[in-house]
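Architecture at a glance
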Amino acid sequence: MEENSWFIAVVTPNTETACKDKLEKLFANNKDIKLESYVPVQRELHEWPSTGKRHWVDRKICPCYLFIHCSRDVRYAIACQAKFILHFVMDRTRRDESGKADFAMIPHSQMLDFQRMVGDAETPVSIDVSRLKVGSKVRVKSGRLAGMEGYLVQEPKGKTKLAIRINMLGYASTEIPIELLEEI
(Lines give C-alpha, C1' and ligand atoms only; values in the text may rest on other atoms or scores of the structure.)
Protein backbone atom coordinates (compact mmCIF):
# COMPACT_ATOMS: atom_id res chain seq x y z
CA MET A 1 0.00 0.00 0.00
CA GLU A 2 1.27 3.48 -0.90
CA GLU A 3 2.24 5.81 1.93
CA ASN A 4 0.35 9.08 2.25
CA SER A 5 2.11 12.29 1.23
CA TRP A 6 1.56 15.99 1.77
CA PHE A 7 0.18 17.62 -1.38
CA ILE A 8 0.00 21.39 -1.92
CA ALA A 9 -3.43 22.68 -2.98
CA VAL A 10 -3.80 26.20 -4.33
CA VAL A 11 -6.87 28.15 -3.21
CA THR A 12 -8.05 31.73 -3.70
CA PRO A 13 -6.47 34.45 -1.48
CA ASN A 14 -7.74 34.74 2.09
CA THR A 15 -9.80 31.53 1.89
CA GLU A 16 -7.21 29.06 3.21
CA THR A 17 -8.92 28.39 6.57
CA ALA A 18 -12.41 28.34 5.05
CA CYS A 19 -11.24 25.86 2.38
CA LYS A 20 -9.69 23.66 5.09
CA ASP A 21 -13.04 23.58 6.91
CA LYS A 22 -14.98 22.90 3.67
CA LEU A 23 -12.62 20.06 2.75
CA GLU A 24 -12.97 18.36 6.13
CA LYS A 25 -16.77 18.78 6.01
CA LEU A 26 -16.98 17.47 2.41
CA PHE A 27 -15.33 14.15 3.34
CA ALA A 28 -16.43 13.89 7.00
CA ASN A 29 -19.05 11.18 6.34
CA ASN A 30 -16.85 9.07 4.06
CA LYS A 31 -14.96 6.60 6.28
CA ASP A 32 -12.93 5.29 3.30
CA ILE A 33 -11.22 8.64 2.76
CA LYS A 34 -8.52 9.54 5.25
CA LEU A 35 -7.02 12.99 5.03
CA GLU A 36 -5.52 15.71 7.17
CA SER A 37 -5.24 19.34 6.16
CA TYR A 38 -3.04 22.14 7.46
CA VAL A 39 -2.85 25.91 7.09
CA PRO A 40 0.34 27.35 8.67
CA VAL A 41 -0.72 30.37 10.74
CA GLN A 42 1.18 32.46 13.30
CA ARG A 43 -0.47 34.88 15.70
CA GLU A 44 1.21 38.31 15.66
CA LEU A 45 0.61 41.64 17.38
CA HIS A 46 0.22 44.38 14.77
CA GLU A 47 0.18 48.09 15.48
CA TRP A 48 -1.38 50.61 13.12
CA PRO A 49 0.78 53.76 13.20
CA SER A 50 -2.04 56.07 12.14
CA THR A 51 -4.25 55.19 15.10
CA GLY A 52 -1.81 53.59 17.52
CA LYS A 53 -4.20 50.66 17.95
CA ARG A 54 -2.76 47.21 18.46
CA HIS A 55 -4.51 43.97 17.50
CA TRP A 56 -3.60 40.31 17.38
CA VAL A 57 -3.85 38.97 13.83
CA ASP A 58 -3.37 35.52 12.33
CA ARG A 59 -0.73 35.72 9.58
CA LYS A 60 -0.79 33.02 6.92
CA ILE A 61 2.80 31.89 6.37
CA CYS A 62 2.02 30.38 2.93
CA PRO A 63 -0.76 32.49 1.38
CA CYS A 64 -3.06 30.63 -1.03
CA TYR A 65 -1.72 27.19 0.01
CA LEU A 66 -3.58 24.41 1.76
CA PHE A 67 -1.45 21.38 2.69
CA ILE A 68 -3.27 18.04 2.46
CA HIS A 69 -1.94 14.73 3.83
CA CYS A 70 -3.53 11.89 1.86
CA SER A 71 -2.98 9.15 -0.70
CA ARG A 72 -2.81 9.76 -4.47
CA ASP A 73 -6.30 8.27 -4.89
CA VAL A 74 -7.74 10.59 -2.25
CA ARG A 75 -5.95 13.55 -3.87
CA TYR A 76 -7.70 12.65 -7.12
CA ALA A 77 -11.09 12.47 -5.35
CA ILE A 78 -10.44 15.87 -3.78
CA ALA A 79 -9.54 17.36 -7.17
CA CYS A 80 -12.80 16.02 -8.64
CA GLN A 81 -15.14 16.98 -5.79
CA ALA A 82 -13.65 20.05 -4.08
CA LYS A 83 -14.38 22.80 -6.60
CA PHE A 84 -12.98 25.44 -4.22
CA ILE A 85 -9.47 24.07 -4.80
CA LEU A 86 -8.03 25.75 -7.90
CA HIS A 87 -5.34 23.12 -8.59
CA PHE A 88 -2.49 21.19 -7.02
CA VAL A 89 1.14 22.32 -7.32
CA MET A 90 3.11 20.30 -9.86
CA ASP A 91 6.76 19.24 -9.58
CA ARG A 92 8.16 19.79 -13.06
CA THR A 93 11.40 18.00 -12.12
CA ARG A 94 9.66 14.66 -11.47
CA ARG A 95 7.74 12.62 -14.03
CA ASP A 96 5.12 9.91 -13.56
CA GLU A 97 4.97 6.65 -15.51
CA SER A 98 3.49 8.35 -18.59
CA GLY A 99 6.17 11.06 -18.68
CA LYS A 100 3.94 13.90 -17.42
CA ALA A 101 4.98 16.18 -14.56
CA ASP A 102 4.06 14.64 -11.20
CA PHE A 103 2.35 16.36 -8.29
CA ALA A 104 4.55 18.13 -5.75
CA MET A 105 4.81 16.18 -2.51
CA ILE A 106 6.39 17.14 0.79
CA PRO A 107 7.84 14.31 2.93
CA HIS A 108 5.96 13.75 6.20
CA SER A 109 9.09 14.36 8.33
CA GLN A 110 9.62 17.79 6.74
CA MET A 111 5.99 18.74 7.32
CA LEU A 112 6.19 17.65 10.97
CA ASP A 113 9.28 19.86 11.43
CA PHE A 114 7.50 22.75 9.69
CA GLN A 115 4.38 22.36 11.87
CA ARG A 116 6.55 22.28 14.99
CA MET A 117 8.47 25.37 13.91
CA VAL A 118 5.25 27.28 13.20
CA GLY A 119 3.73 26.20 16.51
CA ASP A 120 6.73 26.63 18.80
CA ALA A 121 8.89 29.41 17.33
CA GLU A 122 9.08 32.51 19.48
CA THR A 123 9.83 34.77 16.48
CA PRO A 124 8.02 35.05 13.13
CA VAL A 125 8.53 32.17 10.69
CA SER A 126 9.08 33.07 7.06
CA ILE A 127 9.47 31.10 3.86
CA ASP A 128 12.58 31.95 1.85
CA VAL A 129 12.00 30.83 -1.73
CA SER A 130 15.47 31.77 -2.86
CA ARG A 131 18.32 29.33 -2.67
CA LEU A 132 19.90 29.92 0.71
CA LYS A 133 23.63 29.74 1.12
CA VAL A 134 23.40 26.88 3.51
CA GLY A 135 25.94 26.83 6.32
CA SER A 136 26.59 24.23 8.92
CA LYS A 137 24.01 21.64 9.81
CA VAL A 138 22.91 22.36 13.38
CA ARG A 139 20.70 21.02 16.17
CA VAL A 140 18.86 23.17 18.70
CA LYS A 141 20.23 22.35 22.19
CA SER A 142 17.51 23.86 24.38
CA GLY A 143 14.30 25.84 24.33
CA ARG A 144 10.99 25.04 22.70
CA LEU A 145 12.67 23.87 19.47
CA ALA A 146 15.15 21.57 21.28
CA GLY A 147 16.25 18.64 19.13
CA MET A 148 15.20 20.18 15.82
CA GLU A 149 17.85 19.95 13.12
CA GLY A 150 18.36 22.42 10.33
CA TYR A 151 20.91 24.75 8.83
CA LEU A 152 22.53 27.84 10.26
CA VAL A 153 21.89 30.95 8.23
CA GLN A 154 23.70 34.21 9.02
CA GLU A 155 21.80 37.41 8.32
CA PRO A 156 23.76 40.49 7.15
CA LYS A 157 22.92 42.29 10.42
CA GLY A 158 24.56 39.51 12.44
CA LYS A 159 21.34 37.74 13.42
CA THR A 160 21.28 33.96 13.17
CA LYS A 161 18.41 31.86 11.89
CA LEU A 162 17.57 28.18 11.89
CA ALA A 163 16.39 27.06 8.44
CA ILE A 164 14.66 23.79 7.59
CA ARG A 165 14.18 22.55 4.03
CA ILE A 166 10.62 22.04 2.75
CA ASN A 167 10.40 20.45 -0.70
CA MET A 168 8.70 22.64 -3.32
CA LEU A 169 8.51 25.65 -0.99
CA GLY A 170 12.12 26.48 -0.16
CA TYR A 171 13.21 27.02 3.44
CA ALA A 172 11.26 27.95 6.56
CA SER A 173 13.37 29.95 8.96
CA THR A 174 13.13 31.64 12.31
CA GLU A 175 15.54 33.75 14.31
CA ILE A 176 17.35 31.82 17.03
CA PRO A 177 20.21 32.73 19.37
CA ILE A 178 23.51 31.16 18.30
CA GLU A 179 24.19 29.89 21.82
CA LEU A 180 21.21 27.50 21.55
CA LEU A 181 22.77 25.72 18.56
CA GLU A 182 25.35 22.96 18.29
CA GLU A 183 27.00 21.68 15.13
CA ILE A 184 26.12 18.16 14.05
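Attention here is on the structure that accompanies the text. The structure presented is a predicted model; accordingly, all values stated were derived computationally and were not measured.

**Side note on the environment of L152**
Note that L152 resides in strand β12 (residues 149–154). Separated by 39 residues in the primary sequence, L152 and D113 have C-alpha atoms spaced 16 Å apart. Residue contacts for L152: discarding those within four places in its chain leaves G135, S136, V138, T160, K161, I178 and L181.

**Some points on the side chain of R75**
If you trace the backbone, R75 turns up in helix α2 (residues 72–81). No salt bridge is formed by the buried R75. Its closest oppositely charged neighbour is D102, at 7.2 Å. Residues within four places of R75 in sequence aside, it is in contact with F7, C70, F88 and F103.

**Focus on the pattern of salt bridges**
Going through the model one piece at a time under the given rule, you end up with eight salt bridges. Note that E44 is salt-bridged to R59, the shortest N-O span being 2.6 Å. In this pair, E44 is assigned in strand β3 (residues 41–47) and R59 in strand β4 (residues 54–60), connecting sequence segments 15 residues apart. Residue classification places E44 among the buried positions, given a relative accessible area of 15%. Judged by its relative accessible area of 24%, R59 falls in the partly exposed class. Among the charged side chains, a salt-bridge network with shared partners connects K137, R139, E149 and E182.

**Thoughts on unusual backbone geometry**
At N14, a position not held by glycine, the phi torsion is positive, near 65°. Along the chain, N14 falls in the loop between β1 (5–10) and α1 (16–26). Owing to a relative accessible area of 73%, N14 belongs among the exposed residues under this scheme. Its identity is not glycine, yet M168 carries a phi of approximately 75°, on the positive side. Here M168 is to be found in the loop between β13 (160–166) and β14 (170–175). For M168, a relative accessible area of 32% puts it in the partly exposed group.

Conventions and cut-offs
Residues numbered from 1 in each chain as written. Predicted model: local features only at pLDDT ≥ 70, side-chain atom pairs only at ≥ 80, totals over all residues. Heavy atoms only, no water. Helix = DSSP H or I, 4+ residues; strand = E, 2+ residues; numbered from the N terminus. Contact = heavy atoms within 4.5 Å. Buried < 20%, exposed > 50% of the residue type's maximum accessible area, 1.4 Å probe, protein only. Lys, Arg positive; Asp, Glu negative; His and termini not counted. Salt bridge = Lys/Arg side-chain N within 4 Å of Asp/Glu carboxyl O.

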